Amino acid sequence: MYAAALLLLFSVQSLHGSALPAASSYEFTAYRMQQYNLAQQKHGCRGAIVVAEARSADEPVLTRRCVIMKVTDFTTEKFLEAQRQNAAAILILLPQNVSGIPHEAAQSFMVSESRALLKETLMPVYVAPEDEQLLYMYEELRQAASIRTSSIFIRVLRSMITATAFQIFVSNNVPIKAITDNTIITLEGVLPGAGEDVPTIVVTAHYDSYGLSPWLSYGADSNGSGVVILLELARLFQKLYSSPSTRPPYHFMFSLTGGGKHNFLGTKRWIEENLDHAESSLLHDNVDFVLCLDTLANGDELYMHVSRPPKPDTPMHSFIQQLEEVVSSRFPWVKTGLVHKKINLVESTVAWEHERYSLRRIPGFTLSHLDDPKSERRGSLLDTMSQVDFRKLKRNGIIIAETLARFMFNLTDKGSPRDVQLFKGQMDFQDSRMTSLMSFLTSIPRATQLLDKEPGHILLVNSLEHEFKRYLQQVHRHTFRQDKRDPDITFFDQMSQPIVMYRVKPAAFDLFLGGCIAAYLGIIFYAIQNFGYLYKRLKAVVKSKHQ
């Protein structure tokens, strides 16, 4: 009897010692999925509050549960299944180093990410950087899901003794509020050409980023790459324009636009201000073409996207021909192509930045290594600096610079060799500067709704303006404010939330532990009530062993 009591006591102590404290908790910051209204379309998640038990995405029943996924788990099918089952929320764990994600898994996530952002969902979706505690929770939930194929006895026993439940808690009594006072900033600068009434060439890139969550969108390839090349072009051509002997007969205008990820609103407002309100603007004058830089840090392809094929003997047609000559003579492994996409006037959104100019009858095209404007690579959480191929970024920059110089100085008609290198030595693209610029651009998320709110983001725009003033003339900063009564885009707050994860044993464990304690006390009570009888039996056993 004593042996049974001791065994039961040790078992209870062992179970209690292995159990996680019922009140143990862990607080971390998670970032909510995009939420905005654009062109009468609602995008992203509408919910923020979560009070639910965590479950693995492998569980068959997800109703009123918070589904925990890694990036490699997140697929369109699982996202839609969670919606179908009315899951309470989804929490995606983002690895600290996204370069370790297998290529196929990364591609699958980016596709699912872009599809999830197309429409709205009432289900809260959060993204949190991985850490030790969250990974522990994830593994526990996976183990719990893996035994669902075991016998019912094993599942009940594990649930009672070893299982740990996780409660996810996001409580905010303040309702989500719409934000309509965002400002969008566009920067412009000029290198004046030689002569009077000379034509203008415009090079532009948008500097904001986009992804599933604004606070985790760093946009290295899209479109940090376009910004880096544009700033290097400004530095290099400033040297050419600084000397009267090498100053081309073209005004060279640069612009960095905001709101590029949201229908190119910064570009739209900047064009309107220059054409409809400004008394004098280079856009009013003879514009040969507008070159838009978008997503140029990867791939061995260069696509020229146009709204209509350029006619022969036009400046844009000549530029494209010379670009193809530069590529074929110096980088023959790079594939070039002209992609023609008509502007659908019925649609309220545009696909590429050059379409904003085409709508105002200004010739333009977009240069990108992507052939599809709907590519998932144009807005993803995985678009970080680790995914940038700096050799290809520099190569693309050289192609653009060489083509611009050949066009401006009319080198083809002057009989210059096709493979002549103008940008080399001190005129070359600087590796260290390109790396520093990209590192700076990806040091903070550049989502449109953050750029005019946070001190670090305001500093970033100020730094870009400083770069313009360093190399360009007539630098202007255009700040566009929305009409609060009829805003072009409406953002929402509560994009960053503190989340508390409680680690508790399930109710079945409390029942099991209570039963063990009751049995232990019953044994003690029985021993006390029958102490004389037990003593005689024990004495007889000891006496028989001595004999």
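Scroll up for the structure.
A brief structural summary. Remember, it's a predicted structure, so these values are computed and weren't measured experimentally. Sequence order sets the numbering: in each chain, residues are counted from 1 along the sequence as written. Where totals are concerned, whole chains, interfaces and linings use all residues; where local detail is concerned, this predicted model gives features only for residues with pLDDT of at least 70, and gives and counts side-chain atom pairs only at 80 or more. Values shown for side chains rest on all heavy atoms present in the structure; no hydrogens or waters enter the calculation.

### A word on the pairing of strand S12 (residues 200-206)
Counting buried positions over the 7 residues of S12 gives 7, a clear majority of the element. Judged by which residues are buried, S12 turns out to be covered on both faces: Thr 200, Val 202, Thr 204 and His 206 on one side and Ile 201, Val 203 and Ala 205 on the other are all buried. Read from S12 through helix H6 (residues 220-241) to strand S13 (residues 251-257), the crossover connection turns out right-handed. Pairing between strands requires that DSSP locate at least two bridges from one strand to the other. Runs of E in the DSSP output that reach at least two residues are strands. Runs of H or I that reach at least four are helices, and both are numbered from the N terminus. Bridging between S12 and strand S14 (residues 287-293) involves 5 bridges; their strand directions are parallel. Within S14, the residue paired with Val 202 across the bridge is Val 290. Classification of residues uses two cut-offs on accessible area relative to the type maximum, computed with a 1.4 Å probe and protein chains only: under 20% is buried, over 50% is exposed, and between them is partly exposed. For a crossover, the right-handed case is the one in which the path from the first strand over the helix to the second runs clockwise, viewed with the strands pointing away from the viewer.

### Some remarks on a nonpolar patch on the surface
A cluster of nonpolar side chains, contributed by Ile 49, Val 51, Phe 169 and Tyr 502, occupies part of the molecular surface with about 370 Å² of accessible area. Relative to the elements of secondary structure, Ile 49 occurs in the loop between strand S3 (41-45) and strand S4 (50-56). Using a relative accessible area of 52% as the deciding quantity, one classes Ile 49 as exposed. Note that patches include only residues with greater than 30% relative accessible area and no salt bridge, and the join distances are 9 Å for like charges and 5 Å for nonpolar side chains (Val, Leu, Ile, Met, Phe, Trp, Tyr). What sets the accessible areas is the Shrake-Rupley method with a 1.4 Å probe; for residues, cover comes only from the shown protein chains. Think of a salt bridge as a Lys or Arg side-chain nitrogen and an Asp or Glu carboxyl oxygen that are within 4 Å of each other.

### Overview of the layout of surface pockets
Considered as a void within the structure, the largest pocket measures approximately 1100 Å³ in volume. Within this scheme a cavity is a closed region of a 1 Å grid, computed over the protein atoms alone, that accommodates a 1.4 Å probe without allowing it to escape, whereas a pocket is open but has protein on both sides within 12 Å along at least five of seven lines; lining residues each have an atom within 4 Å of a point. Around the largest pocket, the lining is made up of 28 residues, and of these Leu 118, Thr 349, Val 350, Pro 373 and Lys 374 lie nearest the centre. A per-element tally of the lining of the largest pocket places helix H3 (residues 103-116) first, with 3 residues. By the convention adopted, Pro, Cys, Tyr, Trp, Phe, Met, Ile, Leu, Val and Ala count as nonpolar, Lys, Arg, Asp and Glu as charged, and the other residues, Gly among them, as polar. In terms of residue class, the lining of the largest pocket is built from 11 nonpolar, 10 polar and 7 charged. Grid points are joined across faces, edges and corners, and a volume is the space filled by probe spheres set on the points.

### Examining the sheet that holds S4
Taken in spatial order, the 7 strands close into a barrel running S1-S8-S6-S5-S4-S9-S20, and their pairing is mixed. Taking the axes of each pair of neighbouring strands and ignoring which way they run, one obtains an average angle of 35° across the sheet. When S4 meets strand S9 (residues 165-170), the two strands line up antiparallel, connected through 4 bridges. Note on S9: the bridge partner recorded for Val 51 is Phe 169. The contact criterion used is simple: two residues touch if any of their non-hydrogen atoms lie within 4.5 Å. Helix axes use the C-alpha atoms of the stretch in contact, all axes being lines fitted to C-alpha atoms, and the angles between their N-to-C directions lie in the range 0 to 180 degrees. Docked against the sheet, helix H4 (residues 132-146) engages strand S1 (25-32), S4, strand S5 (65-70), strand S6 (89-94), strand S8 (125-129), S9 and strand S20 (496-504), running at close to 110° with respect to S5.

### Considerations on the packing of aromatic side chains
A pair of Phe, Tyr and Trp rings is counted when the ring centres sit within 6.5 Å of each other, with Trp represented by its six-membered ring. The angle between the planes then sorts it: under 30 degrees is stacked, over 60 is edge-to-face, the rest tilted. The tally for this structure, following the rule as stated, stands at 19 aromatic pairs. The interplanar angle of 50° and the centroid separation of 5.7 Å between the aromatic rings of Phe 319 and Phe 365 together place this pair among those described as tilted. Of the two residues, Phe 319 sits in helix H8 (residues 315-330) while Phe 365 sits in strand S17 (residues 364-368), which places them 46 residues apart along the sequence. Its relative accessible area of 0% is what places Phe 319 among the buried residues. Judged by centre distance (6.2 Å) and plane angle (75°), the rings of Phe 319 and Phe 407 are edge-to-face. Here the residue Phe 319 occupies a position in helix H8, and Phe 407 occupies one in helix H10 (residues 390-408), the gap between them amounting to 88 residues. Residue classification places Phe 407 among the buried positions, given a relative accessible area of 7%. Each member of the aromatic cluster is reached from another via a ring pair, and the members are Phe 237, Tyr 241, Phe 252, Phe 254 and Phe 423. Two limits define a charge over a ring: the Lys NZ or Arg CZ must be within 6 Å of the ring centre, and within 35 degrees of the ring normal. Above the plane of the ring of Trp 352 lies Arg 378, whose end atom (NZ or CZ) is 4.0 Å from the centre.

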